[in-house]
Amino acid sequence: ATAWLATDNVFVALMREHFPEMLSGMNLVAIDTLHLFPTTLECAKLVQEKYGKQALWKKPDGVNTLDEFVAKYGDCEEMDSADFDFVSKVEPFQRALSECQKDILITGRRMDQAAQRISLDLWEDGKRTLNPMANFSWQDIIAYVDAHGVPVNEGHNFAYRCDAPIEATQRHLPNLPWTKVPLGKPFWQASAEELQGKPPAAVTYVFKSFGDMHTTVPVLPHESERTGRFVRQAKTECGIHTRTTSAGAPHGGSLVDLMVKDAAQAKSLVSACVRTVELNERQACDVFCLVNGAFSPLTGFMDETAYNSVVKDMRLPEKQLFGLPVTLDLKDVSGLNAGDKVLLRYNNEDVAVLEAESIWQPNKVVEAKECYGTSSLEHPSVESLVTEMGDFYVGGRLHGLSSPKFPYKVQTPAEVRATLPEGKAVVAFQNRNPIHKAHFELLKCAQQDVKDSVLLVHPTCGPTQPGDIDGVVRIGTYEALKAETAEEFPMFRWAYLPYSMKMAGPREAIQHMIIRKNFGATHFIIGRDMAGTKSTITGDDFYGAYDAQETGKKFSSELGVTVTHYENMVYVGPEEGYVQESIAKAKGFKVAKLSGTEFRRRLRAGEEIPEWFAFKSVVDILRKAGDSAFC
């Protein structure tokens, strides 16, 4: 992938000189966002001509000019930066990767470009990304440019002299109080006198890097190239580097693993703790998901900045999607200071050490309104948020000591991924109830519709809303159904996730897509009323029947997870069996019905449950559990 920057061009020159056959077999991918500097496009022509390597160019989908872009997508200054990023860069890049049929991305990123890249690896396995220029310095790059005549952006050949500093966030504006002076050569070849002029200007800026015109500004000659990029934005990288663009890869590119492997380090962390917190089951579920990478790319409980960003925009500060905040709530933080270490325990076992980087009292009304779409206490999760959870949040990096233990078998993302065959699509199904026959018919349809796929049945088994089936009992039903169907459906995989349901409808659908992506899913089933709930007073739904489905589809491409969606499956008799609801209606079939309330009544009364409705093995387990089966 090239942006025609000096480092990118040096890489092409090195490949032409030392590995010409390899360069010929590569695809040089370039994205014209329609907002590039004209000099960038001129530089691209020179590089392609000099090294005989034509780039594969892509533009935003369905447009060829800036006017067309504005008409279809809007003005870049008015668009959300993440939306612009996806439309102009990520989506075109995904199309290019698909066309190339290559699975390794080569970049021109270097460790000296910014603090965010200081630990850049040459090879990023999770992202399938090679960074061959990582150990080069800026001086290495310009020295090679000068010695070998590598084409560079002509925008480097100007100095911007002014009488006083201009804020970086203002340097993109027109008619600024500076003088643009042609140097006749790249600024690094100019002397200080040539840069500053006579008498010397108070401040001189130069362009060291070139991105989109509205987010790139000139900087002081000694400043980093990245200083002038993404001005007025919270992020420091474009989406090609921060978002996963390949199906099946973890969110953010790498699967997070926060478990401390060294016993001495673990002991030292524990001894440094100033407070111990006993976790409840909901909090322990979050710790499990954090330390084992189910919440990748998170490396701990969100700090206040990340929390506010996710609550308001459903995005992390680096603009990656994230459905809901992940926070540690405490009722009392007196005596706890930023920088302190906190020991987290669950069921009498040390599970993690938290570095308390951020301590604050959130506005829970805002959190409820933004995340749940309502501040009404009739929403069970909002009621819990306001009346049960602690008043304070603590965020910071986690160090895993021991993965929390639950009264049921759970699997980490790495463990699940190890069971998935390479090269196959993985269709994930999330649920919080026992699987009855209508659900199972849906699973069969999904697995058959996605050619040569594996079906990952991945229920959540942590705390849920009152009236649901208890997690331990549900796992018993899953295990029975797994055994009953294993021979006929060997392409099904079963795993259980300790996760506390929030019943947040559309935003929770995004959360579940991210989690299943981290477990290896390429597809995700979203059915009617996913993660929905009703008013505890009126019984009215808080979300539309297909709100979660539509939200999932909206962000499907960005996440690299395809949403598979189906209508309700209904039973119309022994001859036709189960069909989609619309088909039954169109053909005038009589639909057999059994409500959840009636099902529970029959369970408790010991009355017959129709075989078309539920598997006998599942019914037997639920009957045996009795009233204890319900939360």
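This text goes with the structure placed above it.
Residues numbered from 1 in each chain as written. Predicted model: local features only at pLDDT ≥ 70, side-chain atom pairs only at ≥ 80, totals over all residues. Heavy atoms only, no water.

Caption draft 1: Up close: the packing of aromatic side chains. By the definition in use, this model includes 28 aromatic pairs. Measuring from centroid to centroid gives 5.6 Å for W138 and W188, while their planes differ by 90°, and the two rings are edge-to-face. Within this pair, whereas W138 is found in helix α6 (residues 138-148), its partner W188 is found in the loop between β7 (178-182) and α7 (192-196), the two being separated by 50 residues in sequence. Assigned by exposure class, W138 and W188 land together as buried. For the pair F440 and F489, a centre-to-centre distance of 5.2 Å together with 80° between the ring planes defines the contact as edge-to-face. Remark: F489 occurs in the loop between α16 (471-485) and β18 (492-494) and F440 occurs in helix α15 (residues 437-449); sequence separation between them is 49 residues. Overall, F489 belongs to the buried group, its relative accessible area being 11%. Linked through ring pairs, F37, Y160, W178, Y205, F207 and F210 together constitute an aromatic cluster. The ring of F158 is capped by K180, whose NZ or CZ atom sits 4.5 Å from the centre of that ring. Positioned above the aromatic ring of Y499, the side-chain terminus of K502 is 4.6 Å from the ring centre. (Phe/Tyr/Trp six-rings, centres within 6.5 Å; stacked < 30°, edge-to-face > 60°. Helix = DSSP H or I, 4+ residues; strand = E, 2+ residues; numbered from the N terminus. Buried < 20%, exposed > 50% of the residue type's maximum accessible area, 1.4 Å probe, protein only. Lys NZ or Arg CZ within 6 Å of the ring centre and 35° of its normal.)

Caption draft 2: Main features of the sheet that holds strand β20 (residues 562-564). Taken together, the five strands give an open sheet; going across it, the order is β18-β17-β16-β19-β20, and neighbouring strands pair in parallel fashion. Edge strands, defined here as strands with exactly one partner in the open sheet, are β18 and β20. In this sheet, adjacent strand axes meet at a mean angle of 25° when their direction is disregarded. Bridge count for strand β16 (residues 426-429) against strand β19 (residues 523-525) is two bridges, and the pairing is parallel. Each residue of the ladder has a partner; that of A428, found in β19, is F524. (Pairing = 2+ DSSP bridges. Axes fitted to C-alpha atoms, helices over the stretch in contact; angles between N-to-C directions.)

Caption draft 3: Layout of a nonpolar patch on the surface. Taken together, the side chains of I104, L122, W123 and L130 define a hydrophobic patch exposed on the protein surface, amounting to about 320 Å² of accessible area. Note that I104 resides in the loop between α5 (81-100) and β3 (105-106). (Patch = residues over 30% accessible without salt bridge, like charges linked within 9 Å, V, L, I, M, F, W, Y side chains within 5 Å. Areas by Shrake-Rupley, 256 points an atom, 1.4 Å probe, with all protein chains shown as cover. Salt bridge = Lys/Arg side-chain N within 4 Å of Asp/Glu carboxyl O.)

Caption draft 4: Just the nonpolar core, in detail. Judged by nonpolar contacts, the single largest core of 117 residues is most densely connected at L344 and L443. Sort the elements by how many residues they give to this core and helix α10 (residues 281-291) lands first, with seven residues. Ignoring sequence-local partners within four residues, the contact set of L443 consists of F429, I435, L455, V457, F492 and I525. (Core = buried A, V, L, I, M, F, W, Y, C linked by side-chain atoms within 4.5 Å. Contact = heavy atoms within 4.5 Å.)

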